[in-house]
Amino acid sequence: MVELICAPKISHNEIGYLKFLTQEYVSARSSLFPYESLKAKHHYLLHYADLILHFGPLIRLWTLRFESKHSYFKNCARKLHNFLHLCKTLAERHQMLQSYLACGQLFPPKIQSVSETHVHNAQLYNTKIQTAIREANCVTQSTSEVSGVVYKGTKYTNGLVVVVDNNSCGYIFGKISLILISPTDVHFVVELYESVLLSDLGVHSLQKYDPKYVCVNADSLLDTEQIQQEIKRVLPELDVNKLQDVANHLCFVVGVQKTQDLALVEVTDLQDFLFPIQCRKLLMDFKQRGQVDETPIEITFTPVPPHDSLSEQPSTSYTPSSSDLLSIFQIPWERMPAALLQAASNKEKSPLGPRREFVRNVVAAMRELCPNPNLADCGEVAKQIFSKHSLTFGDFSEEGEQLGKGYSSLQRQLKNRVEHVNSDNVAHRIRQPKKNTAEQELNSCTVKKVRCKVDSYGCINWQPTSMPDGETTESLEMKRNVLLEKFQYGGPHSTELSDVDNLMQETYIYQRQLINSCPPPAISDIEVEWPYLFTKRGLCNHFETLTGIDISSRLSECLIGKSNRIVNYFQKQTLKWNAEVQALLKEIEATPATNNKTAISAILLTMKYFKEKENSLFILVDETSTKMSIETEQTLPTTPRLIMLGDKLLTSSKWMVSIEGKVTHCIEEELDFAAALAALFGCFYVFNIEYQESASATLELIQRFFVRINPEGTKCAAKFGTSRKTGSTVKRKVQNVNPHVHTFLQSLTEFEWKTSN
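Residues numbered from 1 in each chain as written. Predicted model: local features only at pLDDT ≥ 70, side-chain atom pairs only at ≥ 80, totals over all residues. Heavy atoms only, no water.

Caption draft 1: Local environment of the overall build of the protein. A count of helical and extended segments in the protein gives 30 helices and 15 strands. Relative to its full complement of 757 residues, the protein shows a buried share of 41%. Of the contacts made within the protein by residues no fewer than 6 positions apart, 64% connect residues no fewer than 24 positions apart. (Helix = DSSP H or I, 4+ residues; strand = E, 2+ residues; numbered from the N terminus. Buried < 20%, exposed > 50% of the residue type's maximum accessible area, 1.4 Å probe, protein only. Contact = heavy atoms within 4.5 Å.)

Below is the structure:
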């Protein structure tokens, strides 16, 4: 039935037979499956015979090629998320793709291994396979075996069935048992099967030999598909039947086994099937391609890359080097607006309107030298502007502390303007993609063996180099043992003893040597060696020595005041926020006031604002839970979490901290949320832990706004993250200051300035 429906030619008798088959099929299906209702497609099937009478073979009308072509545009529209001038965007992308496909070397190496290669050892196989390999004489010193290979664009794997030969009874098939590759050839050891064509089903029934193996070259496999493609490329007007007849004649009568053999075809081999002019066209093309194929080609073994969409394939760039051009760039100070010039002379913050105007003027001057400056070039220009008028253009906290490099917002503003100006100019948006070196690719998949900048981020005493006066390694080890004895007898409460603080301070260098060792020690190993680090007091004292900041007093002083400002910022603009923020605001209003409610509310509101989930930082458990019950009943993540004991996050009054799947710190009941937050945040710095990507924006806000640690860079170096919109894994840009945090702080400052006036 399928063969008749898809037939390129069909007679009236066959149409009648098709109508009988479809009616019989639908009737049989209804009787065999009485409880399964028929679908609309089954009804349409009954009309196929009549439609063929009206319109001819239905294969001429199907839309498969249209759907295939249309899928590219659907994928682009889905990934671009651009609904302004969508038709124009799709047209540009399609033309760029066609230009890319029409130029350059598009074809991959002839041989590509898709699995690990192993040295061939014939002794591992039975005698029949060894005999087949020996008779083929295909093993050399460079021969390897793989479980899968792509040869000339076709993927072969162990277990795949291929056509080896044909005889008077039909095709001879072979099941691939072993794949051998060398720099120039691919050989398959196949187990042979005879076949019988079942014409009513349109399939071949395989009959196994008494196990017989042969070793065949990949080029000697019977594959009329490649021959048909070569003929179709030169003579696209041939119908399917004639194309198959010509290909079968060349393969099974003339003896063509691979495309290179086409160069040896003569006119007499084709004259019974094609017109003379068609024969000449084919022969001319075959001979020209045969000459090209004889040129030596360097063969390399490369792993098959993951299947990427066409829109992500690399493209050539003809944009001149922006770094060279911008090295002679001069800031157009003469085009600075009067209001901005006055603010700079008075060393005041730049007004928003004049600042935007100046950014437009600077970008216009930059584009005279380079149409599309990259982010690094914008950073260099922003650095020049910042160095001359730091107080006017710089990024500073309300306490006057510089945020990161100080010019991140100006750099981002310049780059956003560049992208906006180039939004309608496709040529200027073309950029050569970055290519990972082999060393980078190796590092990306190996375990970290050295400490990096993220570990010492924000620290002023990360790894002391000299011992305290009069101390040696032996004396420090003795003091560590004294601390262990005190902890064993006094427990966590012994941290209040004054001599414990002194001993911890004197052994600080010894603690850092263990924590900073590589590979990093497990948290449980650190706890065994230095148990006082797992008390709130010991942790905060270590944090103060490490960063120079008394985190307990700093959070106690500013957490309530700054939290009130954040809550007020959200409550005064309720209609501006999404449904999740509005629901949380209603819950905050309905919750009775407590000493910790405002601080907890501020953190939860910022997490909603940054579209980060609450469980990425907090875990809610029953108020009666203990350390042991939490570790037993909860699946704790590896990254730090603050465990909130209570009915709701807003009303929790007891807290614990967990790291690497176990509870490490129990906060005393008399302490408030500020102390719990200090312990959680301190763990990231004391134990060299990067911010988890799922809560990186909230943690950076705590770092810069509450704790006021403002170094250049970030403590979240993850290269991949979860999209806050789609939930899928996406590549993540690592920036000096999280742009969402910077925008939030800027919006908070502007809101307070407007409401105060």
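On we go from here.
Caption draft 2: Here's a closer look at the confidence of the model for the protein. Chain-level statistics for the protein give a pLDDT mean of 82 and a share of 88% at 70 or above. Scored below 50 in pLDDT, residues 432-450 makes eleven contacts in the model with residues more than four places away or belonging to other chains. (pLDDT = per-residue confidence, 0-100.)

Caption draft 3: A look at the pattern of salt bridges. Counted by the stated rule, this structure contains 14 salt bridges. In this structure, glutamate 529 and arginine 480 form a salt bridge, with 2.9 Å as the shortest nitrogen-oxygen distance. Residue glutamate 529 is found in helix α22 (residues 523-529), and its partner arginine 480 is found in helix α19 (residues 473-490); the two are separated by 49 residues along the sequence. You can call glutamate 529 partly exposed: its relative accessible area is 29%. For arginine 704, the salt bridge is made with glutamate 700, and the minimal N-O distance between the two is 3.0 Å. One end of the pair, arginine 704, and the other, glutamate 700, are both in helix α29 (residues 696-707), four residues apart, so they sit about a helical turn from each other. For arginine 704, a relative accessible area of 2% corresponds to the buried category. (Salt bridge = Lys/Arg side-chain N within 4 Å of Asp/Glu carboxyl O.)

Caption draft 4: Up close: the nonpolar core. Ranked by internal contacts, the top residues of the largest apolar core, which has 84 residues, are Phe618, Phe673, Tyr685 and Phe687. Considering every element that reaches this core, the biggest residue donor is helix α28 (residues 673-686), with twelve residues. Among all residues touching phenylalanine 687, those that are not within four sequence positions of it are Ile515, Ile523, Ile526, Leu533, Phe534, Leu539, Ile659 and His665. (Core = buried A, V, L, I, M, F, W, Y, C linked by side-chain atoms within 4.5 Å.)

Caption draft 5: Inspection of the state of the cysteines at higher detail. Applying the stated rule across the entire model yields zero disulfides. The cysteine cysteine 370 is free of any disulfide, with cysteine 378 supplying the nearest cysteine sulfur at 9.2 Å. Judged by its relative accessible area of 0%, cysteine 370 is buried. Taking relative accessible area as the criterion, cysteine 378 reaches 0% and is therefore assigned buried. (Disulfide = S-S within 2.5 Å.)

Caption draft 6: Region of interest: the pairing of strand β5 (residues 154-157). As paired elements, strand β4 (residues 148-151) and β5 share four bridges and run antiparallel to each other. Pairing of valine 150 across the sheet is with lysine 155, part of β5. Between β4 and β5, which pair antiparallel and follow one another directly, the connecting turn spans two residues, one of which, lysine 152, has a positive phi of 55°. (Pairing = 2+ DSSP bridges.)

Caption draft 7: Representation of the layout of surface pockets in the model. A volume near 790 Å³ is recorded for the second largest pocket. Lining the second largest pocket are 26 residues, and of these Lys349, Phe396, Gln746, Thr749 and Glu750 lie nearest its centre. Listing elements by their share of the lining of the second largest pocket, those giving two or more residues are α13 (352-369), α24 (551-571), α29 and α30 (739-756). Here the lining of the second largest pocket takes eight residues from α30, the largest share from any one element. Residues that form the lining of the second largest pocket fall into these classes: nine nonpolar, seven polar and ten charged. (1 Å grid on protein atoms, 1.4 Å probe; cavity = no way out; pocket = protein on both sides within 12 Å on 5 of 7 lines; lining within 4 Å. Points joined across faces, edges and corners; volume = space filled by probe spheres on them. Nonpolar A, V, L, I, M, F, W, Y, C, P; charged D, E, K, R; others polar.)

Caption draft 8: Region of interest: the side chain of serine 601. By the element assignment, serine 601 lies in helix α26 (residues 597-609). Take serine 601: its relative accessible area is 2%, and that puts it in the buried class.

Caption draft 9: Structural context of the sheet that holds strand β11 (residues 641-645). Strand order in the open sheet made by the four strands is β10-β11-β12-β13, with mixed pairing throughout. Of all the strands in the sheet, just β10 (618-621) and β13 (662-666) have a single pairing partner and so form its edges. Within this sheet the neighbouring strands show an average axis-to-axis angle of 35°, counted without direction. Note: β11 against strand β12 (residues 654-659), five bridges, orientation antiparallel. By the bridge assignment, leucine 645 is partnered in β12 with lysine 654. (Axes fitted to C-alpha atoms, helices over the stretch in contact; angles between N-to-C directions.)

Caption draft 10: Summary view of a negative patch on the surface. A surface patch of like charges, here negative, comprises Asp622, Glu623, Glu633, Asp647, Glu669 and Glu670. With respect to the helices and strands, the residue glutamate 623 is situated in the loop between β10 and α27 (627-633). On the accessibility criterion, glutamate 623 (36% relative accessible area) is partly exposed. (Patch = residues over 30% accessible without salt bridge, like charges linked within 9 Å, V, L, I, M, F, W, Y side chains within 5 Å. Areas by Shrake-Rupley, 256 points an atom, 1.4 Å probe, with all protein chains shown as cover. Lys, Arg positive; Asp, Glu negative; His and termini not counted. Charge placed at Lys NZ, Arg CZ, Asp CG, Glu CD.)

Caption draft 11: Here's a closer look at a positive patch on the surface. Side chains of Lys9, Arg60, Lys232 and Lys242 sit close together on the surface and give a patch of like positive charge. By the secondary structure assignment, lysine 232 is in helix α8 (residues 224-234).

Caption draft 12: Quick peek at unusual backbone geometry. Cis rather than trans, the peptide bond between cysteine 518 and proline 519 has omega equal to 5°. Here proline 519 shows up in the loop between α21 (508-515) and α22. In this model, asparagine 137 sits at a positive phi of 50°, which is unusual for a non-glycine residue. Within the element layout of this structure, asparagine 137 appears in the loop between α7 (127-136) and β3 (144-146). What makes asparagine 137 exposed here is its relative accessible area of 66%. Phi angles above zero are rare outside glycine, and lysine 611 is one such case at about 60°. Within the fold, lysine 611 resides in the loop between α26 and β10.

Caption draft 13: Seen up close, the packing of α21 against helix α23 (residues 536-547). Contact geometry of α21 with α23 gives a least axis separation of 12 Å together with a crossing angle of 90°. The angle between α21 and α23 falls in the class roughly perpendicular. Contacts between α21 and α23 involve Tyr508, Gln511, Arg512 and Ile515 from the former and His542, Thr545 and Leu546 from the latter. In the contact of α21 with α23, the residues fall into three nonpolar, three polar and one charged. (Parallel < 35°, antiparallel > 145°, perpendicular 65-115°, else oblique.)

Caption draft 14: Fine view of the environment of tyrosine 156. Secondary-structure assignment places tyrosine 156 in strand β5. Take tyrosine 156: its relative accessible area is 9%, and that puts it in the buried class. Residues tyrosine 156 and isoleucine 179, 23 residues apart in the sequence, show an inter-C-alpha distance of 8.6 Å. Each residue touching tyrosine 156, except ones within four places of it in the same chain, is listed here: Ser147, Gly148, Val149, Tyr151, Val162, Ile176, Ile179, Phe188 and Leu221.

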